[in-house]
Amino acid sequence: MTESTPQQRALIGRRLMRGSAQEMLAWYKFQHRGLSDKTISALTDCAIDFPERLLFMTEKQISSIPGVGKVAISEIKAYRDRFLGVER
């Protein structure tokens with residue numbers, strides 16, 4: 001698990017100040033899951049407020065999320081593989 005840099009924390013803080021309390025809580029739930037800021041933003045923008053929801057979605061549902069491209073799909077797949085016990 002990597003720690004965030006002061007610049008990343010400042011960026012996250014600025015983003016969080018613009019959002020509501022629910023958005024802040026949702027953002028923190030996704031931290032340290034191997035997802036980039038862009039992927040987290042795409043997920044929270046589409047009301048996916050718990051990373052565990054990704055574990056129960058089909059690949060088709062995930063790929064239909066606006067703002068989720070190839071990189072985000074690979075991040076989500078790696079997250080799902082870790083938590084569903086899939087070996088690489």
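Structure: see above.
Now for a quick tour of the structure. (Residues numbered from 1 in each chain as written. Predicted model: local features only at pLDDT ≥ 70, side-chain atom pairs only at ≥ 80, totals over all residues. Heavy atoms only, no water.)

## Notes on the overall build of the protein chain
What counts, and what does not: Runs of H or I in DSSP of at least four residues are treated as helices and runs of E of at least two as strands, each being numbered from the N terminus. Any residue under 20% of the maximum accessible area for its type is buried, any over 50% is exposed, and the rest in between are partly exposed; the area is computed with a 1.4 Å probe on protein chains only. Residue contacts follow a heavy-atom distance rule, with two residues in contact if any of their heavy atoms lie within 4.5 Å. Areas reported here follow the Shrake-Rupley algorithm with a probe of radius 1.4 Å; residue values treat only the protein chains shown as occluding.
When its secondary structure is counted, the protein chain shows five helices and zero strands. Residues classed as buried in the protein chain amount to 32% of the 88 residues present. Taking contacts inside the protein chain between residues at least 6 apart in sequence as the whole, the part at least 24 apart equals 38%. For the protein chain, the accessible surface area stands at approximately 6200 Å², while carbon and sulfur atoms represent 57% of it.

## Looking at helix α3 (residues 37–45)
Looking at α3, one finds that the buried residues are Thr39, Ile40, Ser41, Ala42, Leu43 and Thr44. Backbone geometry just after α3 places Ala47 at a positive phi near 65°.

## A short note on the pattern of salt bridges
Quick reminder of the rule: Salt bridge criterion: a side-chain nitrogen from Lys or Arg within 4 Å of a carboxyl oxygen from Asp or Glu.
One pass over the structure, following the stated rule, counts three salt bridges. A salt bridge links Asp81 to Lys77, with the shortest nitrogen-to-oxygen separation between them at 3.3 Å. Of this pair, Asp81 and Lys77 both sit in helix α5 (residues 70–84), four residues apart, which is roughly one turn of the helix. Taking the relative accessible area as the measure of exposure, Asp81 reaches 9% and is therefore buried.

## Observations regarding the nonpolar core
The condition is simple: By convention a nonpolar core is built from buried Ala, Val, Leu, Ile, Met, Phe, Trp, Tyr and Cys residues, the set being connected through side-chain atoms within 4.5 Å.
In this structure, Phe30, Leu35, Leu43, Ile48, Leu54, Val68 and Ile76 are the most contacted members of the largest nonpolar core, which totals 17 residues. Looking at this core, the elements that each hand over two or more residues are α2 (21–30), α3 and α5. If we ignore the near neighbours within four places in the chain, the residues touching Ile76 are Leu35, Thr39, Leu43, Leu54, Ile62 and Val68.

## What about the packing of aromatic side chains?
The description of an aromatic ring pair rests on the distance of the ring centres and on the angle between the ring planes. Under the convention used in this document: Two rings belonging to Phe, Tyr or Trp (six-membered ring only in the last case) form a pair when the distance between their centres is within 6.5 Å. Interplanar angles under 30 degrees mark stacking, angles over 60 mark edge-to-face geometry, and anything in between is tilted.
In the structure shown here, the tally under the stated rule is one aromatic pair. Centre to centre, the rings of Tyr79 and Phe83 are 4.8 Å apart; their planes meet at 50°, and the pair counts as tilted. Taken together, the positions of Tyr79 and Phe83, both in helix α5 and four residues apart, correspond to about one turn of that helix. Assessed through its relative accessible area of 0%, Tyr79 is described here as buried. The class of Phe83 is partly exposed, set by a relative accessible area of 47%.

## Quick look at α5
Formally: Helix span, expected: 1.5 Å multiplied by one less than the number of residues in the helix.
Taking 1.5 Å of rise per residue, 15 residues should cover 21 Å, and α5 covers 20 Å from first to last C-alpha, within 8% of that figure. What α5 keeps buried is the set Ala72, Glu75, Ile76, Tyr79, Arg80 and Asp81. Residues of α5 that are buried sit in contact with α3 and α4 (59–63). Positioned one or two residues after α5, Gly85 has a phi angle of 75°, which is positive.

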